[in-house]
Amino acid sequence: MQKKYLWAPALLLLAACGAQPAQPAAVGHTSSQAAAPAVPPPVAAPATLAALDPCALLSPQDRSAAGVSVLGKAEDIAGARACDWTMPGTFGVTVTLDEQNGLADLDVAKKTATKTTVGAHPALRVSDKKAADGTCSVLLGVGDSGSVQVDVSNTAFTDTALACRRAATVAGLVEPKLP
């Protein structure tokens, strides 16, 4: 019976490319060189909102950080692409990509809006504290003619402050992925 060595072609390939095969450590000895963890390169932001999928803006890790355990459902809201994540009995989050309207173009009641920034993007936090209706939005400006709206509604329509914390968390997760 003849033994086949599958690793031999791999060593030849490595040698042909100029790479040196790794030497196994001696039994009972530890290597003084620790392998550095692989760090993925930063992801470049797309040039336009049109290049984004709103449901892809929250990765599984992002959803976990935001308290969302369900997949998003694609929506069309007045011609704008959106994604909706609904946590039954708790709250819902909708992220809408508006390629036609910048922050200055949005019809927002001044008494409910607070100017802020999220990462590198100008933003407005919109909530009616007097209504105390458990809803809050963070609107992110993307250039002069685009915006991203993060809406949060608590199921019981109470605790507006909690809705604003949730909206701020989601906006902070989405913002680095925006142009």
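Since this is a predicted model, take the numbers as computed values, not measurements.

The rules behind the values
- Residues numbered from 1 in each chain as written.
- Predicted model: local features only at pLDDT ≥ 70, side-chain atom pairs only at ≥ 80, totals over all residues.
- Heavy atoms only, no water.
- Helix = DSSP H or I, 4+ residues; strand = E, 2+ residues; numbered from the N terminus.
- Buried < 20%, exposed > 50% of the residue type's maximum accessible area, 1.4 Å probe, protein only.
- Contact = heavy atoms within 4.5 Å.
- Pairing = 2+ DSSP bridges.
- Axes fitted to C-alpha atoms, helices over the stretch in contact; angles between N-to-C directions.
- pLDDT = per-residue confidence, 0-100.
- Core = buried A, V, L, I, M, F, W, Y, C linked by side-chain atoms within 4.5 Å.
- Disulfide = S-S within 2.5 Å.
- Expected span 1.5 Å × (residues − 1).
- Salt bridge = Lys/Arg side-chain N within 4 Å of Asp/Glu carboxyl O.
- Polar contact = N/O pair within 3.5 Å; in protein donor to acceptor, adjacent residues only side chain to side chain.

1. Description of the overall build of the protein
Part 1 of the reasoning: Each helix and strand counted, the protein has three helices and seven strands in total.
Part 2 of the reasoning: For the protein, the succession of helices and strands along the chain, N to C, is α-α-β-β-β-β-β-β-β-α.
Part 3 of the reasoning: Taking all 179 residues of the protein together, 32% fall into the buried category.
Part 4 of the reasoning: Restricting the contact set of the protein to residue pairs at least 6 apart, pairs at least 24 apart contribute 52%.

2. Details of the sheet that holds strand 7 (residues 146-154)
What links the strands of a sheet is backbone hydrogen bonding, and the strands pair in either a parallel or an antiparallel sense.
Part 1 of the reasoning: With respect to topology, seven strands assemble into an open sheet ordered 1-2-3-7-6-5-4, the strand pairing being antiparallel. Of all strands in the sheet, those with a lone pairing partner are strand 1 (73-77) and strand 4 (113-118), marking the two edges. Along the sheet, successive strands turn relative to each other by an average axial angle of 25 degrees, direction set aside.
Part 2 of the reasoning: Pairing between strand 2 (residues 80-87) and strand 3 (residues 91-98): seven bridges, direction antiparallel. When the bridges of strand 3 are listed, Cys-83 appears paired with Val-95.

3. Concerning the confidence of the model for the protein
Part 1 of the reasoning: Overall, the predicted model of the protein reaches an average pLDDT of 82, with 75% of residues at or above 70.
Part 2 of the reasoning: Across residues 1-37, where pLDDT falls below 50, the model places three contacts with residues more than four positions away in sequence or in other chains.

4. Focus: the nonpolar core
In a soluble, globular protein the nonpolar side chains are often hidden away together inside.
Part 1 of the reasoning: In terms of nonpolar packing, the biggest core is built from 30 residues, with Val-93, Val-95, Leu-140, Val-148, Val-170 and Leu-178 touching the most fellow members.
Part 2 of the reasoning: At the level of secondary structure, the elements contributing two or more residues to this core comprise strand 2, strand 3, strand 6 (135-142), strand 7 and helix 3 (160-174).
Part 3 of the reasoning: No other element matches helix 3, which puts seven residues into this core.
Part 4 of the reasoning: Leu-103, Leu-124, Val-126 and Leu-139 belong to the second largest nonpolar core, which has five residues in total.

5. Quick look at the state of the cysteines
Part 1 of the reasoning: Per the stated rule, a full pass over the model turns up two disulfides.
Part 2 of the reasoning: A disulfide bridge connects Cys-55 with Cys-83, and the sulfur atoms are separated by 2.1 Å. Looking along the S-S bond of the Cys-55-Cys-83 disulfide, the torsion reads about 100 degrees, which is the right-handed sense. Of this pair, Cys-55 sits in the loop between helix 1 (7-16) and helix 2 (60-65) while Cys-83 is found in strand 2, placing the two residues 28 residues apart along the sequence.
Part 3 of the reasoning: One disulfide bridge connects Cys-136 with Cys-164, the sulfur atoms lying 2.2 Å from each other. Here the disulfide of Cys-136 and Cys-164 is right-handed, its torsion about the S-S bond being about 95 degrees. In this pair, Cys-136 is assigned in strand 6 and Cys-164 in helix 3, connecting sequence segments 28 residues apart.

6. Considerations on unusual backbone geometry
Part 1 of the reasoning: Even without being a glycine, Ala-132 presents a positive backbone phi close to 45 degrees.
Part 2 of the reasoning: With respect to the element layout, Ala-132 can be found in the loop between strand 5 (121-126) and strand 6.
Part 3 of the reasoning: A positive phi is found at Phe-157, a non-glycine position, where the angle reads about 50 degrees.

7. A look at helix 3
Part 1 of the reasoning: Its 15 residues place the ends of helix 3 21 Å apart at the C-alpha level, agreeing with the 21 Å of an ideal helix rising 1.5 Å per residue.
Part 2 of the reasoning: Buried within helix 3 are the following residues: Thr-160, Ala-163, Cys-164, Arg-166, Ala-167, Val-170, Ala-171, Leu-173 and Val-174.
Part 3 of the reasoning: Contact partners of the buried residues in helix 3: helix 2, strand 3, strand 4, strand 5, strand 6 and strand 7.

8. Here we look at the pattern of salt bridges
Part 1 of the reasoning: According to the stated counting rule, one finds three salt bridges in the structure shown.
Part 2 of the reasoning: Here Lys-73 and Glu-75 are joined by a salt bridge, their closest N and O atoms 3.9 Å apart.

9. Re the side chain of Thr-160
Part 1 of the reasoning: In this fold, Thr-160 is placed in helix 3.
Part 2 of the reasoning: A polar contact of 3.2 Å, which involves the side chain of Thr-160, links it to the backbone nitrogen of Asp-133.

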